[in-house]
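Chain and residue survey
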Amino acid sequence: MSSSVWYLKYLKQINQKIKLAEDNLEKSIKNAELQALLQIEKCLVFFITSLKGNDVLFHRIKNLKAHREDFDPDLLEDVEIEISQAQDTANIYSNILTGMMDAYASVISNNMNNIMKQMTSISIILMIPTLIASLYGMNVPNGMEESKYGFWILLFISVILSSCGAFLFKRRRWF
C-alpha cells in the first residue's frame, strides 16, 4: 500500500515535469526541451514496468493459501485499487506524453517544410540571372555580342525578372 501511494506521489511530480517541459517547448523548440520529454517518457516506462511487477507480487501474496486468514480483506482491496490506479495513471501520462511528442514532431516537420519551400523559391529566383548570363556567355550568335549596351541590357533583364520572382515569392503566388 505504501509503495502504491509513493508511486502516485511521484507520478504527480512527473506530471508537473511534463507540464513544465511542455511550457518550455512552447516557448522554444530546442533539443534540450525535447530531450527532457524523452527522459520523462523513459522514466514513465520504468514506472509502468515496476508497477506491473508490483501487481504480480501483490497477486502472489494475495493468493498465498497458508496466510490467507492473516490478511485484512479491506486492506487487500485498497492495495489492489491503489496499484490499479497507479498503473492507469502511469499509462495515461505515457499516452499523453507520446501524443504530445508526436504533435511537436509534426510541428517541427511542418516548419521544416515551410523553410524548404522558401529556400527553393530563393534558389529559383537566384537561378534566373545565372540562366540569362549563361545563355549570353555561350559561343552562339545572339545579336548582342557587338552591342556596347549588351551587357547592361542583359543585366537589366536579369534584375527585372529576379524582382518579379521576388515579388511573386513575397505575395506567395509562386509556391
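The following refers to the structure shown. Remember, it's a predicted structure, so these values are computed and weren't measured experimentally.

Rules of the game
- Residues numbered from 1 in each chain as written.
- Predicted model: local features only at pLDDT ≥ 70, side-chain atom pairs only at ≥ 80, totals over all residues.
- Heavy atoms only, no water.
- Salt bridge = Lys/Arg side-chain N within 4 Å of Asp/Glu carboxyl O.
- Helix = DSSP H or I, 4+ residues; strand = E, 2+ residues; numbered from the N terminus.
- Patch = residues over 30% accessible without salt bridge, like charges linked within 9 Å, V, L, I, M, F, W, Y side chains within 5 Å.
- Areas by Shrake-Rupley, 256 points an atom, 1.4 Å probe, with all protein chains shown as cover.
- Lys, Arg positive; Asp, Glu negative; His and termini not counted.
- Charge placed at Lys NZ, Arg CZ, Asp CG, Glu CD.
- Expected span 1.5 Å × (residues − 1).
- Bend = angle between axes of the 7 residues up to and from the residue.
- Axes fitted to C-alpha atoms, helices over the stretch in contact; angles between N-to-C directions.
- Parallel < 35°, antiparallel > 145°, perpendicular 65-115°, else oblique.
- Left-handed = near helix turned anticlockwise from the far one by under 90°.
- Nonpolar A, V, L, I, M, F, W, Y, C, P; charged D, E, K, R; others polar.

Further remarks concern the pattern of salt bridges. In this structure the tally under the stated criterion is 1 salt bridge. Here Glu80 and Lys62 are joined by a salt bridge, their closest N and O atoms 3.2 Å apart. Of the two residues, Glu80 is situated in helix α3 (residues 73–136) and Lys62 in helix α2 (residues 31–62); the sequence distance between them amounts to 18 residues.

Let's shift gears to a negative patch on the surface. Negative charge collects at one region of the surface, where Asp72, Asp74, Glu77 and Asp78 lie side by side. Looking at the secondary structure, you find Asp72 in the loop between α2 and α3.

The next thing to look at is α3. With 64 residues, α3 should reach 94 Å at 1.5 Å per residue; the first-to-last C-alpha distance of 94 Å fits that figure. If you look at α3, its biggest bend is around 25°, right at Met127, and the proline Pro129 turns up within four residues after that.

Let us now look at the packing of α2 against α3. Packed helices, taken two at a time, are described by their axes: the angle between them and the distance between them. As a packed pair, α2 and α3 sit with axes 9 Å apart at the nearest point and diverge in direction by 155°. Here α2 is positioned roughly antiparallel relative to α3, judged by the angle of their axes. Both α2 and α3 take part in a crossing whose hand is left-handed. Among the residues making up the contact of α2 with α3, the classes are represented as 18 nonpolar, 6 polar and 5 charged.

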